Each structure stands twice: as C-alpha cells, then as structure tokens.
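Survey of secondary and tertiary structure
Below are the chains, spelled out letter by letter.
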Amino acid sequence: MASTGVNVLRWSALGLGVFYGFTHQRKITSTQRAQHAKHEYEQKEKLIQAAKAEFARKNNPAPASANDVITDPAHPNFDLEKLLLKVANENP
C-alpha cells in the first residue's frame, strides 16, 4: 500500500494537470474565436468595399469627352448649347 505522502503527490499532480488542461483549452478556444471574428470582419469589410465601388461606378459615370453630346432632352445632363454647337460644327 502506498504511503500518505505518495497519495498526496499523486492527487496534487492530477489536480495540477486538470487545472493546466482547463486553462490551456480556454486559451486555444479564445484564440480561435478571435481568429474567427477577425475573418468575419474582413469578409464584411470586403463586401462593404465592393458595394461602395459598385455604388460609385453606378452613380458617377465616366467623364464625357468633348465630342460626346447628349441628344436626349429627357436626360438630366442634357445641354442644348452643346447640342447646337455640335450641329453647327457638323453643318457649316
């Protein structure tokens, strides 16, 4: 039969092992949660940037060159003066 000192040492080692395992598992879990949260944030950030780029592309059309004249009078950027100048230049 084992002496009392050996039993105390065994139970102490068991308790320390359980405590170490518990704290180590908490550390691993918190690290994984932080990585997962960071990944989700990056995904959302990427989606937001893509939406901003699409919104800018949709609402800010490419700049018109000097030869581009809008001939549709219903268009919000229609300029009658530019249209008349274009027609006058084409038909001297």
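Source: prediction; values computed, not measured.

Turning next to the overall build of the chain. The helix and strand inventory of the chain stands at 2 helices and 0 strands. In terms of overall dimensions, the chain is more spread out than a globule: its C-alpha atoms have a radius of gyration of 37 Å, far above the 12 Å expected for 92 residues. Within the chain, the proportion of its 92 residues that are buried is 2%. For the chain, the accessible surface area stands at approximately 8800 Å², while carbon and sulfur atoms represent 61% of it. For the chain, the distance from the average site of its 12 positive side-chain charges to the average site of its 9 negative ones is 25 Å.

With that settled, the discussion passes to the pattern of salt bridges. It is possible for side chains of opposite charge to pair when their charged atoms get near one another. Per the counting criterion, the structure on display carries 2 salt bridges. The shortest N-O distance in the salt bridge between Glu54 and Arg57 comes to 2.4 Å. Highlighted residues: Glu54 and Arg57, both in helix H1 (residues 4-59), separated by 3 residues, approximately one helical turn. What makes Glu54 partly exposed here is its relative accessible area of 39%. Across the salt bridge formed by Lys86 and Glu90, the nearest N and O atoms sit 3.9 Å from each other. One end of the pair is Lys86 and the other is Glu90, both in helix H2 (residues 80-90) and 4 residues apart, which spans about a single turn.

About the criteria used
- Residues numbered from 1 in each chain as written.
- Predicted model: local features only at pLDDT ≥ 70, side-chain atom pairs only at ≥ 80, totals over all residues.
- Heavy atoms only, no water.
- Helix = DSSP H or I, 4+ residues; strand = E, 2+ residues; numbered from the N terminus.
- Rg over C-alpha atoms; globule rule 2.2 N^0.38 Å.
- Buried < 20%, exposed > 50% of the residue type's maximum accessible area, 1.4 Å probe, protein only.
- Areas by Shrake-Rupley, 256 points an atom, 1.4 Å probe, with all protein chains shown as cover.
- Lys, Arg positive; Asp, Glu negative; His and termini not counted.
- Charge placed at Lys NZ, Arg CZ, Asp CG, Glu CD.
- Salt bridge = Lys/Arg side-chain N within 4 Å of Asp/Glu carboxyl O.

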